Structure formats: structure tokens, C-alpha cells
Amino acid sequence: ALPDRVTIWEVGPRDGLQNEATVVPAAVKTAFIDRLVAAGHTIVEATSFVHPKWVPQLADAAEVLAGITRAEGVAFPVLVPNDRGMDRAIECGVTDIAVFASATEAFAQKNLNRGLESQFEMFEPVMARAQAEGMRVRGYLSMVFGDQWEGDVDPAQVVTVGRRLLDLGCHQLSLGDTIGVATAGHVRAVLRAFADAGVGMDRIAVHFHDTYGQALANTVVALEEGVTVVDASTGGLGGCPYAESATGNLATEDLVWMLDGLGVHTGVDLAALVDTSTWMAGHLGRPSPSRVVRALAG
Ligand code: HMG
Ligand code: MG
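Residues numbered from 1 in each chain as written. Chains lettered and ligands numbered in written order. Predicted model: local features only at pLDDT ≥ 70, side-chain atom pairs only at ≥ 80, totals over all residues. Heavy atoms only, no water.

K.L.:
Can you walk me through the overall build of the protein in this structure?
P.N.:
A tally of regular secondary structure across the protein gives twelve helices and eight strands. Here the C-alpha radius of gyration of the protein, 17 Å, is about what a compact globule of 298 residues would show, namely 19 Å. Burial status across the protein gives 55% buried among its 298 residues. Taking the contacts inside the protein whose residues are at least 6 apart along the sequence as the reference set, 76% of them involve residues at least 24 apart. Entry remark: accessible area of the protein is about 11,800 Å², with carbon and sulfur atoms responsible for 50%. Here the protein holds 21 positive side-chain charges and 36 negative ones, and the gap between their average locations is 3 Å. (Helix = DSSP H or I, 4+ residues; strand = E, 2+ residues; numbered from the N terminus. Rg over C-alpha atoms; globule rule 2.2 N^0.38 Å. Buried < 20%, exposed > 50% of the residue type's maximum accessible area, 1.4 Å probe, protein only. Contact = heavy atoms within 4.5 Å. Areas by Shrake-Rupley, 256 points an atom, 1.4 Å probe, with all protein chains shown as cover. Lys, Arg positive; Asp, Glu negative; His and termini not counted. Charge placed at Lys NZ, Arg CZ, Asp CG, Glu CD.)

Given below as C-alpha cells:
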């Protein structure tokens, strides 16, 4: 059975823009975020407080946050990897953050300059301060379904690292197919491994990159397993600069087209998203890779 309602965790301004060759001006980013809220989104991941040399595309995080039009009932989470990122987030009055861990040693090194174990030493003080500040913290886990350097990833290892994030105080765990290699049966197996370890699907979100065109099929399986929070990026932008084969996230338009067809409520207006992607494509100088956007764009 499918859920009646799905919450879309929109990651376009963060995952989408972190990997763009074009430097998008802060004013365009804030207009993008405002448009996503106007389209009905209630969670828009806005930016990252990571090292500006590691991700120059999001070096303007403070300026972007200051420019957003705040809206009742809308959250604007940001990525925070470490204490320095937390200082910057607190200065900006952030209330929702996400830490991001790797399920593999290789990607922990590439993305965080830490090991599988020492990444947690970086998150622990962030979690303690988040609790003191009353912030909500999401935990991302990357390379859940395969790693470009290590190949297959043992689901038992994924569950161990994922549970550690939850035990540290994350309210939700987003399972990342960073390089987009997951297929439907694999998704079902990993979700059941979490369920068998006592992690309810009400604490799990899925984060699919669409490299092999499997993101929608993978999403259906996740919904059948009881997941109700799905990450997506308007226009299908996205990718991690530290994972070479990462391409765009599942496009929010593709997701909404499917969920509308299934009668699953999202609260998000498809036409408004398509307009936004068309507008954004003008700023990026290239068309959206989403086939739904191409089909519906006037
Ligand atoms: P490091 O070089 O090990 O940093 O990077 P450090 O702790 O050794 O500090 C070195 C210097 O950097 C210090 O300055 C710090 O203050 C400064 P100094 O004392 O030398 O003058 N510094 C900072 N400055 C500003 N903001 C900060 C910050 N941190 C340190 N936050 C670090 C470690 C974690 C910072 C670095 O590796 C980093 O920024 N990594 C982030 C990479 C990233 O953003 N990747 C993309 C997001 S993850 C993703 O896309 C996957 C996801 O979508 C899910 C999926 O698809 O799987 C979430
Ligand atoms: Mg991602």
C-alpha cells in the first residue's frame, strides 16, 4: 500500500546548486527558494555551512539565508559538518540543520577529510550544541547503495553507521544513493535491514540521484515499505562535487508527476515547479534534464 501523503524534502538550492559550474548570484538563489515556497514546499534545504574552499558555490550561505522571505510553517535546513559550520549557522539564527556522514571509509575521506570513525568525532560537538540551541538535526548517510571506490557496500555496515547517527540525536536519517546506482530490490533489502534493526520507516527518508534513471522506481519501493519523506531537487539539478559519477537528484517534477498520478498528496504545484525550473535554466544556461519539465514547459 502507498501512503496518502508524502513530504518532499526539496534539496535543489543545496544539492542542486553545490555542483553547478556557473556561480549563481545570491539574489538568484533567494528568488529560487522563494519560488519553491510559493509552489507549496514546506521544507527547502537552503545552503551549506561547509568550507568555502571545498564548495565555493555555496560560500554565500549567510547572504542567501538573510535574503529568504520567511514563511509560516516552512523550514529551511542547512548542512553543517563541524564546529566552525555550527558557529556560522548560529550567527544566522538557523533552527534546522543536517549533518552528513559516509557509510564508507573512502567517501568519508574524499568528502569530509575524515575516516569512517573520525567523522563522528566531528559531529558529536555539533549535535551537543544543536541540542543546547533546540535545533532539529537530520542525519544524511551517503554511499548507502554502492561506492565508486569501494564497490558494493554491506547493508549491515550501512545500518550500523545509520543507527549511530540516530543514536547521536538525529530525528531523521536520509539514505543517500550518492552515485545513483541503486535498483528497486536493493532499496527494499536495505530498508528491511533497518526495520529488522528496529528503525521505524517514520524515521527514514530516501535521497536518490538519478544517474541510471532508477530514482522513481526506487521511490515507489520505498513508499511501499512505509517511507513518507522523499528528497528531490527541482529541475533535477544536483550532485556531490566529491563523488565523480554523481549526477542530478530525482527531479521534483518527476516525483510530483508520479505522485499526482497515484493520488498521493504532496501539497506542491507541478506547474509552478516547471515554471521555476524553466526560469532557473535561463540562469544556468542549460535546460533541465527532467523529462517531465521538458514535456510540460511551454
Ligand atoms: P578540513 O580541511 O579537514 O578542515 O575540512 P579543518 O577542520 O582541518 O579546518 C581547516 C580550516 O578550515 C580551519 O581554518 C577552519 O576554521 C576552516 P584555519 O584555522 O586553518 O584558518 N573551516 C571552515 N571554515 C568555514 N566553514 C566551515 C569550516 N570548517 C573548517 N564549516 C570539512 C573538513 C568538513 C570542513 C571539509 O571537508 C568540507 O567542507 N567538506 C564538505 C564537502 C561537501 O560539502 N560536500 C557536499 C555535501 S554532502 C552531499 O552532497 C551528499 C548528500 O547530498 C547525500 C548523498 O547524496 O549521498 C548530503
Ligand atoms: Mg545528494
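Once the structure has been displayed, the description carries forward.
K.L.:
Please clarify how the coordination of the magnesium ion (ligand 2) should be interpreted in this entry.
P.N.:
By definition of the ideal shapes, a tetrahedral metal site with four donors has angles of 109.5 degrees and an octahedral site with six donors has angles of 90 or 180 degrees. Every protein donor of the magnesium ion (ligand 2) is accounted for by D15 (OD), H207 (NE2) and H209 (NE2), and the metal-donor separations fall at 2.1 to 2.3 Å. When the donors of the magnesium ion (ligand 2) are listed by position in the chain, the intervening gaps give D-x191-H-x1-H. For the residue pair H207 and H209, the accessibility class agrees, reading buried in each case. (Donors = N, O, S within 2.8 Å, 3.2 Å for Na, K, Ca; no water.)

K.L.:
Sorry if this is basic, but what is going on with the packing of helix α6 (residues 118–133) against helix α7 (residues 155–167) here?
P.N.:
When two helices pack together, their arrangement is given by the angle between their axes and by how far apart the axes lie. α7 packs onto α6 with a crossing angle of 15 degrees between their chain directions and a minimal axis gap of 11 Å. As summarised for this structure, α6 and α7 are arranged roughly parallel, according to the angle between their axes. α7 is crossed by α6, and the crossing has right-handed handedness. Contacts between α6 and α7 involve Q119, F120 and F123 from the first element and V161, R164 and L165 from the second. A class-by-class count of the residues in the contact of α6 with α7 yields four nonpolar, one polar and one charged. (Axes fitted to C-alpha atoms, helices over the stretch in contact; angles between N-to-C directions. Parallel < 35°, antiparallel > 145°, perpendicular 65-115°, else oblique. Left-handed = near helix turned anticlockwise from the far one by under 90°. Nonpolar A, V, L, I, M, F, W, Y, C, P; charged D, E, K, R; others polar.)

K.L.:
In this structure, what is going on with the nonpolar core? I would like to understand it.
P.N.:
Looking at soluble globular proteins, one finds that nonpolar side chains tend to be buried together. The biggest cluster of nonpolar side chains holds 94 residues, and the ones touching the most others in it are I97, L141, L165, L175, F194 and I204. Those residues in contact with L175 that lie beyond four places of it in its chain are L141, V144, F145, V190, L191, F194, I204, A205, V206 and H207. (Core = buried A, V, L, I, M, F, W, Y, C linked by side-chain atoms within 4.5 Å.)

K.L.:
What's the story with the site of ligand 1 in this structure? I'm lost.
P.N.:
The local shell around ligand 1 holds 28 residues, among which Q18, N82, R114, S142 and T178 are the closest. D15 places a side-chain nitrogen or oxygen 3.0 Å from an oxygen atom of ligand 1. When residues of the shell around ligand 1 are traced back to their parent elements, those giving at least two are α1 (12–18), α4 (83–91), α5 (105–112) and β5 (136–142). Per-class residue counts for the shell around ligand 1 are twelve nonpolar, eleven polar and five charged. (Near = heavy atom within 4 Å. Polar contact = N/O pair within 3.5 Å; in protein donor to acceptor, adjacent residues only side chain to side chain.)

K.L.:
Would you mind going over the packing of aromatic side chains with me for this structure?
P.N.:
The description of two aromatic rings rests on the distance between their centres and on the angle between their planes. For the coordinates displayed, the defined rule picks out five aromatic pairs. When the ring of F32 is compared with that of W279, the centres are 6.5 Å apart and the planes differ by 35 degrees; the resulting orientation is tilted. Residue F32 is located in helix α2 (residues 26–38), and its partner W279 is located in helix α11 (residues 270–284); the two are separated by 247 residues in the primary sequence. For W279, a relative accessible area of 24% gives the class partly exposed. Of note, R14 hangs over the ring of Y140, and the distance from its end group to the ring centre comes to 5.4 Å. For the cation-ring pair, R164 lies above F120, with the distance from its terminal atom to the ring centre recorded as 4.0 Å. (Phe/Tyr/Trp six-rings, centres within 6.5 Å; stacked < 30°, edge-to-face > 60°. Lys NZ or Arg CZ within 6 Å of the ring centre and 35° of its normal.)

K.L.:
Would you mind going over the pattern of salt bridges with me for this structure?
P.N.:
Side chains carrying opposite charge are able to pair once their charged atoms draw close together. Applying the stated criterion across every chain, the model contains 13 salt bridges. Here R14 makes a salt bridge to E45, at a shortest N to O gap of 2.6 Å. Note that R14 is positioned in helix α1 and E45 in the loop between α2 and β2 (47–48), a separation of 31 residues in sequence. Judged by relative accessible area, E45 falls into the buried class, the value being 0%. Close ionic contact of D87 with R84 constitutes a salt bridge, the shortest N to O distance being 3.7 Å. Remark: R84 and D87 occur in helix α4; sequence separation between them is three residues, near one turn of the helix. Take D87: its relative accessible area is 29%, and that puts it in the partly exposed class. Beyond isolated ion pairs, a larger network of salt bridges with shared partners links D83, R84, D87 and R129. (Salt bridge = Lys/Arg side-chain N within 4 Å of Asp/Glu carboxyl O.)

K.L.:
What am I meant to see in the pairing of strand β4 (residues 96–102) here?
P.N.:
Consecutive side chains of a regular strand alternate in pointing toward one face of the sheet and then the other. Buried residues dominate β4, accounting for seven of its seven residues. With burial as the criterion, each face of β4 is covered, one bearing D96, A98, F100 and S102 and the other bearing I97, V99 and A101. Pairing geometry for strand β3 (residues 78–79) and β4, over two bridges, is parallel. The residue of β4 that forms the bridge with L79 is A98. Direction of pairing for β4 relative to β5: parallel, over a ladder of seven bridges. The partner of F100 across the bridge, within β5, is Y140. (Pairing = 2+ DSSP bridges.)

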